[in-house]
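Chain and residue survey
Chain residues, written in single-letter form:
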Amino acid sequence: MFYHDNELQYEVEVEDPDPYFAKMLQEAIGGVEGEMRVALQYMFQAFGQPKEKQEYRNLLMETAAEELGHIEMLATAVTKNLQGAPDELRREARENDAVIDAMMSGGQPRQALSAGLHAMPVDANGNPFSGNFIVASGNLAADMYANIMAESTGRLLATRLYEMTDDEGMKDMLAYLIARDTMHQNQWHAALEEMGETVPVPASFDQEKENQEYNYEFMSTFREDREDPHERWTEGVSIDGKGEFSFGTQPGGGNPQLEKAIAEMYNEASGGSGDSTIEDGE
């Protein structure tokens, strides 16, 4: 169950409405780095947690609900930047940016036609939010690493937005969101620490079954021979403590020899007999 309170999670004030900035804020809503992504990501990860991992389900679900509040804050900011902009600023924005012109004039994108100058579930370019952004693998450790990445890129976006505006109200809101990104990165690291051994993911797979010759080798893909650069990832004990890093090259697998298979596929597609005079290796 979800409960809603009409109060914003944190205050949102816009001193000097700016339609340009409204466009930029859309990235923090529906972009790959945005709040819709993390809210749904944490929610679907929570759905996949068994009863014996209730503490992790609670952690994920509470953070997902918090992120829903961030969406509401950003949507409020978009509306205030669009609807509160003076006519002179709107005209200037339309003259300098064709996309803003379309948005403000009621043409394209749909922010004017379908939303009446309110926020939409799209990114800064008007692309709809995609569920393909969401990572919910069913493996808790893998998901935690994905969450750290999501919060890192989200914090990066928020800091860039912070630097783009001189509006003190927007800076205050973004400073709050940046602070929450800091906390969320730390809490996901803490969850990984509590889980213990998580590398490699999945840690439950028997490593005796993997190719022991290549499981800790950094593989150079340079065309020319390259000397071992003697980096942390090419020598010494591996991060999981289960092996020794080494440096090597791609083993090579020979010519794929697909001529016969391709010829058979061609004959089937063209209604031929399927006979082929091409032999393997030719």
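Residues numbered from 1 in each chain as written. Predicted model: local features only at pLDDT ≥ 70, side-chain atom pairs only at ≥ 80, totals over all residues. Heavy atoms only, no water.

The name given to the chain in an unreviewed UniProt entry is Manganese catalase family protein, and the organism recorded there is Halorussus gelatinilyticus. What UniProt records for the chain under Sequence similarities (unreviewed entry) is the sentence "Belongs to the manganese catalase family." (UniProt positions renumbered as here; feature names shortened; annotations may be inferred.)

1. Details of helix H7 (residues 140-164)
Here H7 spans 36 Å end to end across 25 residues, near enough to the 36 Å set by a 1.5 Å rise per residue. At the N-terminal boundary of H7, the capping side chain belongs to Asn139, with an oxygen 3.1 Å from the backbone nitrogen of Ala141. (Helix = DSSP H or I, 4+ residues; strand = E, 2+ residues; numbered from the N terminus. Expected span 1.5 Å × (residues − 1). Polar contact = N/O pair within 3.5 Å; in protein donor to acceptor, adjacent residues only side chain to side chain.)

2. Concerning the sheet that holds strand E1 (residues 217-220)
Across the sheet, three strands lie side by side as E1-E3-E2; this open sheet has mixed pairing. Two strands in the sheet have a free side with no partner beyond their single neighbour: E1 and strand E2 (236-237). Judged from the four bridges that link them, E1 and strand E3 (residues 244-249) form a sheet pairing that is parallel. Looking at E3, one finds that Glu217 is bridged to Ser246. (Pairing = 2+ DSSP bridges.)

3. Focus: the nonpolar core
Ranked by size, the top nonpolar core spans 24 residues in total, and within it Leu25, Leu74, Leu161, Met170, Met173 and Leu177 carry the most contacts. Among the elements of the structure, helix H1 (19-30), helix H2 (35-47), helix H3 (54-83), H7 and helix H8 (168-195) are those that each provide at least two residues to this core. The biggest single contributor to this core is H3, with six residues. Other than its neighbours up to four places away in sequence, Leu74 contacts Leu25, Ala28, Ile29, Glu35, Met173 and Leu177. (Core = buried A, V, L, I, M, F, W, Y, C linked by side-chain atoms within 4.5 Å. Buried < 20%, exposed > 50% of the residue type's maximum accessible area, 1.4 Å probe, protein only. Contact = heavy atoms within 4.5 Å.)

4. A look at a negative patch on the surface
Together, Glu15, Asp16, Asp166 and Glu168 give the surface a local cluster of negative charge. Within the element layout of this structure, Glu168 appears in helix H8. (Patch = residues over 30% accessible without salt bridge, like charges linked within 9 Å, V, L, I, M, F, W, Y side chains within 5 Å. Areas by Shrake-Rupley, 256 points an atom, 1.4 Å probe, with all protein chains shown as cover. Salt bridge = Lys/Arg side-chain N within 4 Å of Asp/Glu carboxyl O. Lys, Arg positive; Asp, Glu negative; His and termini not counted. Charge placed at Lys NZ, Arg CZ, Asp CG, Glu CD.)

5. Looking at the packing of H7 against H8
Between H7 and H8, the least distance of the axes is 9 Å, while the angle of their chain directions is 160°. Taken together, the axes of H7 and H8 lie roughly antiparallel to each other. Considering the relative orientation of H7 and H8, their crossing is left-handed. Its residues assigned to classes, the contact of H7 with H8 shows 15 nonpolar, eight polar and four charged. (Axes fitted to C-alpha atoms, helices over the stretch in contact; angles between N-to-C directions. Parallel < 35°, antiparallel > 145°, perpendicular 65-115°, else oblique. Left-handed = near helix turned anticlockwise from the far one by under 90°. Nonpolar A, V, L, I, M, F, W, Y, C, P; charged D, E, K, R; others polar.)

6. Side note on the packing of aromatic side chains
For the structure shown, the criterion picks out five aromatic pairs. Between Phe129 and Phe133, the ring centres sit 5.5 Å apart and the planes meet at 85°, which makes this aromatic pair edge-to-face. Both rings, one in Phe218 and one in Phe247, keep their centres 6.2 Å apart while their planes meet at 15°; by these two values the pair is stacked. Note that Phe218 is positioned in strand E1 and Phe247 in strand E3, a separation of 29 residues in sequence. (Phe/Tyr/Trp six-rings, centres within 6.5 Å; stacked < 30°, edge-to-face > 60°.)

7. So, the pairing of E3
Bridge analysis of E2 against E3 gives two bridges, and the strand direction is antiparallel. Counterpart to Val237 in the pairing with E3 is Glu244. In this antiparallel pair of consecutive strands, E2 and E3, the connection spans six residues, and Gly241 shows a positive phi of 75°.

8. Things to note about the packing of H3 against H8
In the contact formed by H3 and H8, the axes pass within 12 Å of each other and the chain directions differ by 165°. Taken together, H3 and H8 sit at an angle that is classed as roughly antiparallel. The crossing of H3 and H8 is left-handed. Seen from H3, the contacting residues are Tyr56, Leu59, Leu60, Thr63, Glu66, Glu67, His70, Met73, Leu74, Ala77 and Asn81; seen from H8, they are Met170, Met173, Tyr176, Leu177, Arg180, His184, Gln187, Trp188, Ala191, Glu194 and Met195. Of the residues contributing to the contact of H3 with H8, the split by class is 13 nonpolar, five polar and four charged.

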